[in-house]
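Geometric and topological summary
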Amino acid sequence: MDTLKTWITIPSIYDDVVKRNDYYIALANRQLDKLIMKTGDDVAGMTEGEEILKKLLEPFKGKIVLIDVWGTWCSPCKAALSHSQELYERLSKHDMQYVYFANNSPMDSWENVIKEYNVTGPNVAHFNLPQEQQSAIERYLKVNSFPTYKLVDPQGNVLDMKVDARNLKALEEVIKMLKNEE
């Protein structure tokens, strides 16, 4: 920052740089609730996508689960993640679980994106699995673009329907239909 101060001669611009730097330092120092940051320990040694996914989703049986497959390198993914709190608030009455799978994302970038967009909550779980397991899940879910969203019914079945968390109204209608609500 001292070097920047000599290069940036306009005080208002330098102040903006300092503010942004302070923001990112605070973000980097923010501690995430380790309960939402899941390890792949439960699926160590598994190689089949369906088997891995079923094991990871076991704790959420009885709830509708929204799966989000995303990557730290994906601009549309990050744009969608920036609206996560709005998503959680809008769907809060439906007692849902949100499960995020990061594709090809280094651990530090993964954590920083989660912090920056505040993709946290008591009903949120994040996985950053080894590449082989992530790829197996993506093949099973037929992921061919990012972000990809899938719904899982309360019995643990991945539903064969197109959903998009970026369209909250349509997503909520699908969830109401699944729960037989009017």
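Residues numbered from 1 in each chain as written. Predicted model: local features only at pLDDT ≥ 70, side-chain atom pairs only at ≥ 80, totals over all residues. Heavy atoms only, no water.

A few words on the sheet that holds strand β5 (residues 148-152). Reading across from one edge, β1-β4-β3-β2-β5 is the order of the 5 strands in this open sheet, with mixed pairing throughout. Edge strands, defined here as strands with exactly one partner in the open sheet, are β1 (37-38) and β5. The pairing of strand β2 (residues 65-70) with β5 spans 5 bridges and is classified as antiparallel. Within β5, the residue paired with L66 across the bridge is L151. Strands in contact with helix α7 (residues 131-141) are β2, β3 (97-102) and β5; relative to β2, the strand with the most contacts, it is inclined by about 120°. (Pairing = 2+ DSSP bridges. Helix = DSSP H or I, 4+ residues; strand = E, 2+ residues; numbered from the N terminus. Contact = heavy atoms within 4.5 Å. Axes fitted to C-alpha atoms, helices over the stretch in contact; angles between N-to-C directions.)

It is worth spelling out the nonpolar core at this point. Counting 30 residues, the largest nonpolar core has L66, W70, L87, Y98, Y100, L151 and L171 as the members making the most contacts within it. For this core, the secondary-structure elements that each account for two or more residues are β2, α4 (75-81), α5 (84-90), β3, α6 (107-116), β5 and α8 (168-178). The element contributing the most residues to this core is α8, with 4 residues. Non-local contacts of L87, meaning those with residues more than four positions away in its chain, are made with L66, Y98, Y100, A165, L168 and L171. (Core = buried A, V, L, I, M, F, W, Y, C linked by side-chain atoms within 4.5 Å. Buried < 20%, exposed > 50% of the residue type's maximum accessible area, 1.4 Å probe, protein only.)

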